[in-house]
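# Report on the structure
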Amino acid sequence: MNFCNVKSAAIRWSLFVALLLCGCVFLQLIIARKASAIISSVPSVSIPSYSPDVLLNDIEARAKYLALRVKDTNFFAYSVQPKDNLWKIAKKYGYSVHSIIGTNPQLKTYEVNLNQKILLPSSGGSLHPIQDNDTWKKIAERYDVDEKILQDVNFGISNLVPGEYVFIPGKTPAIDLMNKDMQAKYELRSLFRSPLNGRYSSVFGKRKHPVTGQSSFHGGVDIAVPSGSWVGAAADGVVIVASHNVGHYGTAVFIDHKNGYITHYGHLSSIHVRVGQKVKKGQLIAKSGATGRVTGSHLHFTIKKGDKSLDPMKFIW
Ligand SMILES: [Zn+2]
């Protein structure tokens, strides 16, 4: 083998390696171009956003917005059925009416119409309308919930955008963030609580009197309960009447509350407060009975402002 042959073999090998390298680079370029073409053809995945106006007024859009952002609770648009009211609907789904008000910031009244759409959560809670300068900490403090849990529940919300919503599980809505109409109605109902739990056997308004049989005006509600059931004050106030002989009320207690409201509790069996005593909302004041003009044992409950009797159903939850 001479020197020249060795040299040409080396050149051939170098050329071969160089060609191989060039081929590799070329192949890589083709692969890279193909890959980038594939990547750019895949649509970018992003959670759709909605304007504050759409979120407030379009129930379906709000349900979709929440479905992608909140975990463990489902949201759906419900069509109001014949004879429905917010209380009945809430009961059917196992939470209080506060959850319906809390997830429906568009409502301006408690009355709903047939086929009206409302948003229902699968479990109780409220929507917090995100405010300017809100932070997770601020929202958590407002509703007294754990900040981490709140962020975990609202896993799909990375930025707190004013006009959008955060779901607060198990909490009632913030009164100061409601629309003005609902705020007034909600505050009114927050003044009083029901003196006891029971079936409403007679409501406010015109009725045939159960004893006289004549048409008369019923200035309160009757709550059917066994004699001896505890009766609580409907709100903070001062006892102004506590007597066993108050006309057809029989044994009765009257309480004067602030803002000109007075409540009456009639047909009692015993009284556990005295005139002039200050009482707290929910404090036990008497036991129910069947004194005065009655056909059976029940509590008569009246709310008055000045001389005017008001419908208690508009005041208590
Ligand atoms: Zn009555």
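Please refer to the structure placed before this passage.
What counts as what
- Sequence order as written defines residue numbering, which begins from 1 separately in each chain.
- Residue-level local features of this predicted model are given only where pLDDT is at least 70; pairs of side-chain atoms are given and counted only at 80 or more, and the full residue set underlies all totals for whole chains, interfaces and linings.
- By the criteria applied, helices consist of DSSP H or I runs no shorter than four residues and strands consist of E runs no shorter than two, each listed in order from the N terminus.
- Two residues qualify as being in contact provided that their C-beta atoms, derived from the backbone, are within 7 Å of each other.
- For two strands to be treated as a pair, DSSP must find at least two bridges joining them.
- The axes are straight lines fitted to the C-alpha atoms, using for helices just the contacting stretch, and the angles between their N-to-C directions are given from 0 to 180°.
- Exposure classes come from backbone-placed C-beta atoms, where a residue is buried if 20 or more other C-beta atoms lie within 10 Å of its own, exposed if 12 or fewer do, and partly exposed in between.

## With respect to the overall build of the protein
If you tally the helices and strands in the protein, you get 8 helices and 17 strands. Counted over contacts in the protein with a minimum sequence separation of 6, partners at least 24 positions apart contribute 63%.

## Examining the sheet that holds strand β9 (residues 230–232)
Strands pair in a sheet through their backbones, by hydrogen bonds, and they do so in one of two ways: parallel or antiparallel. Spatial strand order, β9-β15-β13: 3 strands in an open sheet with antiparallel pairing. If you trace the sheet from one side to the other, it starts and ends with β9 and β13 (268–271), each paired once. Geometrically, the sheet is characterised by an average inter-axis angle of 35° between neighbouring strands, direction not taken into account. The pairing of β13 with strand β15 (residues 284–288) spans 3 bridges and is antiparallel. Within the sheet, the bridge partner assigned to L268 lies in β15 and is S288.

## Quick look at the environment of R189
With respect to the secondary-structure elements, R189 resides in helix α8 (residues 180–191). R189 gets classed as partly exposed once you count the C-beta atoms within 10 Å, which come to 17. Once you skip the residues sitting within four places of it in the chain, R189 turns out to touch F315, I316 and W317.

## Brief notes about the environment of P162
Mapping P162 onto the fold places it in the loop between α7 (147–153) and β4 (165–169). Overall, the presence of 11 C-beta atoms within 10 Å leaves P162 in the exposed class. Note: C-alpha distance between P162 and D134 (28 residues apart in sequence) is 8.0 Å. Dropping the residues within four chain positions of it, P162 is found in contact with I130, Q131 and D132.

## What about unusual backbone geometry?
We note that N133 has phi near 65°; this positive angle belongs to a residue other than glycine. Within the secondary structure, N133 sits in the loop between β3 (125–129) and α6 (136–143). The exposure class assigned to N133 is exposed, which follows from the 8 C-beta atoms found within 10 Å. If you check the backbone angles, H267 has positive phi at about 65° while not being a glycine. With respect to the helices and strands, H267 occurs in the loop between β12 (261–266) and β13.

## Some thoughts on the environment of W87
Along the chain, W87 falls in helix α4 (residues 86–92). Among the residues examined, W87 registers 14 C-beta atoms within 10 Å and is labelled partly exposed. Separated by 13 residues in sequence, W87 and I100 place their C-alpha atoms 8.8 Å apart.

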